[in-house]
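So the chains spell out like this:
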Amino acid sequence: MPDSPAVHKLDATPVEPETYHLPDEKRIAGNPLQTLWMQYTDPSGKFFAGIWQSEVGKWHIRYTEEEYCHMLEGTSVITDAAGHAVTVTAGESFTIPRGFVGTWEVLTPSRKRFVVYEPGAQNG
């Protein structure tokens, strides 16, 4: 009988953070420092999870992935291309679908746990 994959506890091992600023073409307001702690990536590189945080700012987003988020701190506003806005705060969970286009605005420094599935090129 083959070995089964191991369970991966996300908070079990310290992860080195990656810090970065968004490219100029994405930024709308501010120049927020963002930090990413990638805690898990599957062997295919299509499924991953971690923690993300950002300083105050606003930028364009275009999702090629499916994402589940749970806000740990702060307040952000996610607005679609038609102008429909959703405010997310600490303690709330939400999903962003593949193909979503709009903006992300961090009103107060925000931190989220995320789980992403990136299937690759979209058909159609």
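Residues numbered from 1 in each chain as written. Predicted model: local features only at pLDDT ≥ 70, side-chain atom pairs only at ≥ 80, totals over all residues. Heavy atoms only, no water.

Q: An account of the environment of Arg111 is needed here, citing residue identities and associated values.
A: Counting through the fold element by element, Arg111 comes out in strand E9 (residues 101-117). Taking C-alpha positions, Arg111 is 20 Å from Phe47, a pair spaced 64 residues apart along the chain. Residue contacts for Arg111: discarding those within four places in its chain leaves Trp37, Ile51, Trp52, Gln53, His70, Met71, Leu72 and Glu73. (Helix = DSSP H or I, 4+ residues; strand = E, 2+ residues; numbered from the N terminus. Contact = heavy atoms within 4.5 Å.)

Q: Summarise the pattern of salt bridges; cite the residues concerned and give the values.
A: Side-chain pairing between opposite charges can occur once the charged atoms of the two side chains come close. What the rule picks out here adds up to 3 salt bridges. Here Lys112 ties to Glu67 by a salt bridge, and the two come within 2.9 Å at their closest N and O atoms. In this pair, Lys112 sits in strand E9 while Glu67 sits in strand E6 (residues 66-80), placing the two residues 45 residues apart along the sequence. Neither residue differs from the other here; Lys112 and Glu67 are each classed as buried. (Salt bridge = Lys/Arg side-chain N within 4 Å of Asp/Glu carboxyl O. Buried < 20%, exposed > 50% of the residue type's maximum accessible area, 1.4 Å probe, protein only.)

Q: I'd love a proper account of the pairing of strand E3 (residues 33-41), names of residues and values included.
A: As paired strands, strand E1 (residues 18-21) and E3 are joined by 4 bridges and run antiparallel to one another. Within the sheet, the bridge partner assigned to His21 lies in E3 and is Leu33. Between E3 and strand E4 (residues 47-54), which pair antiparallel one after the other, the connecting turn spans 5 residues, and Gly45 there sits at a positive phi close to 75 degrees. (Pairing = 2+ DSSP bridges.)

Q: Can you explain the nonpolar core? Please cite residues and give values.
A: One finds Trp52, Trp59, Ile61, Ile78, Phe94, Ile96 and Trp104 to be the most contacted residues of the largest nonpolar core, which totals 18 residues. Elements with a contribution of two residues or more to this core: E4, strand E5 (57-62), E6, strand E8 (93-96) and E9. Ile61 has contacts with Ile78, Phe100, Val101, Gly102, Thr103 and Trp104, leaving out every residue within four places of it along the chain. (Core = buried A, V, L, I, M, F, W, Y, C linked by side-chain atoms within 4.5 Å.)

All we've got here are geometric facts, nothing functional implied.
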